[in-house]
Amino acid sequence: MELVAVLGGTKYRLAGPGSVPGFNAKGDAVAVGNGSDIHLLDVETGAVRRVFRGHDQPIEQCALSSDGKWLASSGRDNTIRLWDAETGREVESWFKNPGPVAFSPDSRLLAFEQSGQLYLHDLHTESTETFDQCKTGADANRDDVCRVIGTVNSVQAYWTDALPADVKRQYQDAKTVIFSGQTQSACGTASGATGPFY
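Structure report, in brief.

Parameters at a glance
Numbers given for residues are sequential positions, taken from 1 along each chain in its written order. Reporting in this predicted model follows two pLDDT cut-offs: at least 70 for local features of residues, and 80 or more for side-chain atom pairs to be given and counted; totals over whole chains, interfaces and linings ignore these cut-offs and use all residues. To get the side-chain values, all heavy atoms of the structure are used, and hydrogens and water are removed first. Aromatic pairing here means that ring centres of Phe, Tyr or Trp (its six-membered ring) are within 6.5 Å. Orientation follows from the plane angle: under 30 degrees is stacked, over 60 is edge-to-face, and everything else is tilted. Each helix corresponds to a stretch of at least 4 residues labelled H or I by DSSP, and each strand to a stretch of at least 2 residues labelled E; elements are numbered beginning at the N terminus. Under the scheme applied here, a residue whose accessible area is under 20% of the maximum for its type counts as buried, over 50% as exposed, and between as partly exposed, the area being computed with a 1.4 Å probe on protein chains only. If DSSP finds at least two bridges between two strands, the strands pair. Here a polar contact is taken to be a pair of N or O atoms separated by no more than 3.5 Å, where protein atoms must pair a possible hydrogen donor with a possible acceptor and residues adjacent in sequence count only if both atoms sit in side chains. Note on contacts: a residue pair qualifies if any of its non-hydrogen atoms lie within 4.5 Å across the two residues.

**Comments concerning the packing of aromatic side chains**
Here's step 1: According to the stated counting rule, one finds 4 aromatic pairs in the structure shown.
Here's step 2: Between Phe52 and Trp83, the aromatic rings sit 5.6 Å apart at their centres with planes inclined by 70°, giving edge-to-face as the arrangement. One end of the pair, Phe52, is in strand β6 (residues 48-52); the other, Trp83, is in strand β9 (residues 79-84), and 31 residues separate them in sequence.
Here's step 3: Look at Phe52 and you get buried, because its relative accessible area is 1%.

**Some points on the pairing of β6**
Here's step 1: Bridge count between strand β5 (residues 37-42) and β6: 4 bridges; the pairing is antiparallel. Among the inter-strand pairings, Ile38 is bridged to a residue of β6, identified as Phe52.
Here's step 2: Where β5 folds back onto β6 in an antiparallel hairpin, the turn is made up of 5 residues, including Gly46, whose phi is positive at roughly 80°.

**Looking at the side chain of Ser65**
Here's step 1: In this structure, Ser65 sits in the loop between β7 (59-64) and β8 (70-75).
Here's step 2: Within the structure, the side chain of Ser65 is placed 2.7 Å from the side chain of Asp67, a separation counted as a polar contact.
Here's step 3: At 3.3 Å, the side chain of Ser65 and the backbone nitrogen of Lys69 are in polar contact.
Here's step 4: In this view, Ser65 contacts Trp70, Phe103 and Ser107; residues no more than four positions away in its chain are not counted.

Without other data, these values stay purely geometric and don't point to any function.
Written out as structure tokens, the structure reads:
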């Protein structure tokens, strides 16, 4: 299968399997997996700004921080990698069953999931929190973060069982977005006044 992106009127062909792309906050750059490489593309011209190499299997997802300094990638090689977007240097990597990657709006935190465990990596202090303290309902009653983790895990667990039983389809974990104010969803703009929605 050939993947074609139209950027600045130019068709950009990916040589290998593509990934979920990630745009920067200005919308003038997009990172996309191209096989096991990541290409940072200029949206207006389609030119390759930088190529990131380090994964040895196709890329699943890319995310760019809103300040444009960081790139995160999740690959089929069971790694999540953090890159300096300006130099192309790999800064950090984590190895085990990777899931989605996302940056906080202030570009301070990288959130990622591995083997069902949520991690937050602070880009300023270079520390990673694992939320091992979130194990029980009492933890959720005591701590807002544990409450969110418990709610998400509960919804994911329900649909993992219910969807195959009801319609004979496997459920894929849904992406969780924690925000204040408003955010974009597949259904349009969502406000914090809306409450949880799926």
